[in-house]
Amino acid sequence: MFALRRWWDRYGIQATLTSVAIGTALLIRQTHGGVVLETYQWLTRPFLSKPAPPAQSSNPEMLELQERLIELESKNQRLEELLGFAQSAKAKGITAPVIGRSADHWWQQISLGRGAQDGVETGSVVRSPGGVVGRVTSVTARTSRVLLLSDPTSRVGVMISRSRAMGSMRGNLGNRAVIEFYEKNPDVRRGDVVTTSSLSGRFPSGLPVGRIESVDTAKSPAPEAVIELSAPIGALEWAIVYPKSPGEAESLPAPAPSDVPASPTPEESSTPSPTAP
Amino acid sequence: MSQALDNFIEQYPASRPFINWGVTAGSVFLCLLILPARLPGMELAGISPNWLLIWVVAWSVKRTLWQGAIAGLVLGLLQDAMTAPFPTHAISLAIVGAVTARLQKQRYVQEDFISVALIVFGMAVVAETIIAIQFSFEGGRSLLEIWTYHQFVALSSAILSSLWAPVVYFPLNRWWESMGQSDSI
């Protein structure tokens, strides 16, 4: 008893402070740094720029292409309605400023300045003008953290929109990603457009992802292709978050992003979730 | 400012440890806040200085092995909070803290600034290597990708962190020295 008392007199303050420090650190870790991110968001708010208005294209060729796209989209929707395949009306996106980048060098993440208060949920799809950017992995009241497509752990089922050849894509840092095809001889060429496939549980199908940059069909065990992501991932300032609408979640096989899917789709069964405790 | 603080501490000596720990914790919080920011001049190919590593080195240089290791553990857990819990940064930063505390730097280099910059350079390489080893065991990424990326990350992080090390080290060292001096008085 006396020895304990002497130990406490000598090391008591140190021991208390150490345990307080470790306890606080564990608490912050458990909450995914919510306090820090909220403070960061509050501090950076005055420095944020206004969102740039969508560039009004005066190029007649571009205008014609846009009109044709609208025409084709509406036609496509009518055909889907006729087939009884119609999805619910498009969810409205939440425009969010990019307030921070990854806090270490190994993860490709960004922080957005909109959170649960604005309707952002874990698993929401994040897009920017140009294509898909990534997926929300954790949310606080006013911020959210996004795992980018260029992160090696982020895997997406994708499809070559010309030939419908399917594969799974993983990030490869910077603005590049690698597709592994399921088939031995996929019909794929340089310059082909890549979109998310209907097999992807985490992303709605048909979103543009990027373009094929090079193809390596001799690669074993599966042919591979390098794609250039069409979203400017290195220079993002604003992004648009699409929370999963209820109708969409029903049509998807694995809506829960943090669990292993009940019926694992082949491209995502091995994906570790970076936010799982 | 410092004069007013000195007067305050002289008047209320009981508040001194609280102020000391408050400033220390505040400096950690500042380092955490600056982690997601990419300010101009602090970035090299998308890589920014590893502020928490600089803090751990600044803390451990004049402390014991256990103090260094525990500070590394705490800051590693905090960095996990800011990114993802696996692989953990706690192991790498704890080892950095322990090794820095064990280094007998006065035997090799005299000048404080330069030796701290050198230690930060070496420790940044050590920390990134430990993270890379964890990634290799974890799987999910290919070994070739991990170690090619490791070369790039370790070098850029080491250069940037050692260049920015005095910014963290100088004020913290001054503060802890002033606290230590009033201790001996």
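Quick caveat, the model's predicted, so the values are computed rather than measured.

### Observations concerning the confidence of the model for chain A
Residues and elements named next belong to chain A. Per-residue pLDDT for chain A averages 78, and the proportion of residues at 70 or more is 82%. Ranking the elements of chain A by mean pLDDT puts helix H4 (residues 246–251) last, at 44, and strand S5 (residues 144–148) first, at 89. A low-confidence stretch, residues 246–277 (pLDDT under 50), is modelled with 53 contacts involving residues beyond four sequence positions or located in other chains.

### Here we look at the sheet that holds strand S6 (residues 155–160) of chain A
In any sheet, the strands associate via hydrogen bonds between backbone groups, in a parallel or an antiparallel arrangement. All names here are of chain A. Spatially, the 6 strands close up into a barrel ordered S6-S7-S8-S11-S10-S9, and their pairing is antiparallel. Within the sheet, the average angular offset between the axes of one strand and its neighbour, ignoring direction, is 40 degrees. Pairing analysis gives 5 bridges linking strand S8 (residues 176–181) to strand S11 (residues 224–229), with the strands arranged antiparallel. Residue arginine 176 lies in a different strand from S11, and its bridge partner there is glutamate 228.

### Notes on the packing of helix H3 (residues 51–60) of chain B against helix H5 (residues 89–102) of chain B
All names here are of chain B. Direction vectors running N to C along H3 and H5 enclose 30 degrees, while the axes themselves pass 8 Å from each other. Accordingly, the angle class assigned to the pair H3 and H5 is roughly parallel. Crossing of H3 against H5: the hand is right-handed. Taking contact as the criterion, the partners of Leu52, Leu53, Val56, Val57 and Ser60 in H3 are, on H5, Leu93, Val96, Gly97, Thr100 and Ala101.

### Here we look at the nonpolar core
The biggest cluster of nonpolar side chains holds 49 residues, and the ones touching the most others in it are Leu53(B), Trp55(B) and Leu75(B). Elements with a minimum of two residues in this core: helix H1 (2–30) and helix H2 (34–44) of chain A together with helix H2 (16–34), H3, helix H4 (65–82), H5, helix H7 (112–138) and helix H8 (143–184) of chain B. Ranked by residues supplied to this core, first place goes to H3(B) with 9 residues. Counting 36 residues, the second largest nonpolar core, distinct from the first, contains Ala96(A), Val125(A), Val158(A) and Val194(A).

### Things to note about the packing of aromatic side chains
According to the stated counting rule, one finds 10 aromatic pairs over all chains in the structure shown. A centroid spacing of 5.9 Å and a plane angle of 50 degrees characterise the contact between Trp7(A) and Tyr11(A), whose relative ring orientation is tilted. With Trp7(A) and Tyr11(A) both in helix H1, this residue pair falls 4 residues apart, about one helical turn. A ring pair is formed by Trp59(B) and Trp176(B), whose centres lie 5.3 Å apart and whose planes are at 75 degrees; its orientation type is edge-to-face. Pair noted here: Trp59(B) is in helix H3 and Trp176(B) is in helix H8, with a separation of 117 residues, a long-range link. Joined through ring pairs, the aromatic side chains of Trp106(A), Trp107(A), Phe135(B), Tyr149(B) and Phe152(B) make up one cluster. We note Arg63(B) situated over the ring of Trp59(B); from NZ or CZ to the ring centre the distance is 3.8 Å. Over the ring of Trp176(B) we find Arg63(B); its NZ or CZ atom is 4.5 Å from the centre of that ring.

### Structural notes on H5(B)
Residue and element names in this part refer to chain B. For H5, built from 14 residues, the straight-helix expectation of 20 Å at 1.5 Å per residue is met to within 8% by its first-to-last C-alpha distance of 20 Å. Among the 14 residues that make up H5, 10 are buried, leaving the element largely enclosed by the rest of the structure. Regarding H5, the residues found buried are His89, Ala90, Ser92, Leu93, Ala94, Val96, Gly97, Ala98, Thr100 and Ala101. In this fold, the buried residues of H5 make contact with H3, H4 and H7. Its side-chain oxygen placed 2.9 Å from the backbone nitrogen of alanine 90, threonine 88 serves as the N-cap of H5.

### What about the interface of chain B and chain A?
Listed per partner, the contact involves 38 residues of chain B and 35 residues of chain A. The junction of chain B with chain A conceals about 3400 Å² of combined surface from both sides, 67% of it contributed by carbon and sulfur atoms. For Glu145(B), the salt bridge goes to Arg170(A), with nearest N and O atoms at 2.8 Å. Summed over the shared surface of chain B and chain A, the number is 11 residue pairs in polar contact (both at pLDDT 80 or more). Within the residue set of the side of chain B that touches chain A, elements represented by two or more residues are H2, H4, H7 and H8 of chain B. The element contributing the most residues to the side of chain B that touches chain A is H4(B), with 9 residues. The class makeup of the residues in the side of chain B that touches chain A is 25 nonpolar, 8 polar and 5 charged.

Definitions and limits used
Residues numbered from 1 in each chain as written. Chains lettered and ligands numbered in written order. Predicted model: local features only at pLDDT ≥ 70, side-chain atom pairs only at ≥ 80, totals over all residues. Heavy atoms only, no water. pLDDT = per-residue confidence, 0-100. Helix = DSSP H or I, 4+ residues; strand = E, 2+ residues; numbered from the N terminus. Contact = heavy atoms within 4.5 Å. Pairing = 2+ DSSP bridges. Axes fitted to C-alpha atoms, helices over the stretch in contact; angles between N-to-C directions. Parallel < 35°, antiparallel > 145°, perpendicular 65-115°, else oblique. Left-handed = near helix turned anticlockwise from the far one by under 90°. Core = buried A, V, L, I, M, F, W, Y, C linked by side-chain atoms within 4.5 Å. Buried < 20%, exposed > 50% of the residue type's maximum accessible area, 1.4 Å probe, protein only. Phe/Tyr/Trp six-rings, centres within 6.5 Å; stacked < 30°, edge-to-face > 60°. Lys NZ or Arg CZ within 6 Å of the ring centre and 35° of its normal. Expected span 1.5 Å × (residues − 1). Polar contact = N/O pair within 3.5 Å; in protein donor to acceptor, adjacent residues only side chain to side chain. Buried area = accessible area lost by both parts, 1.4 Å probe. Salt bridge = Lys/Arg side-chain N within 4 Å of Asp/Glu carboxyl O. Nonpolar A, V, L, I, M, F, W, Y, C, P; charged D, E, K, R; others polar.

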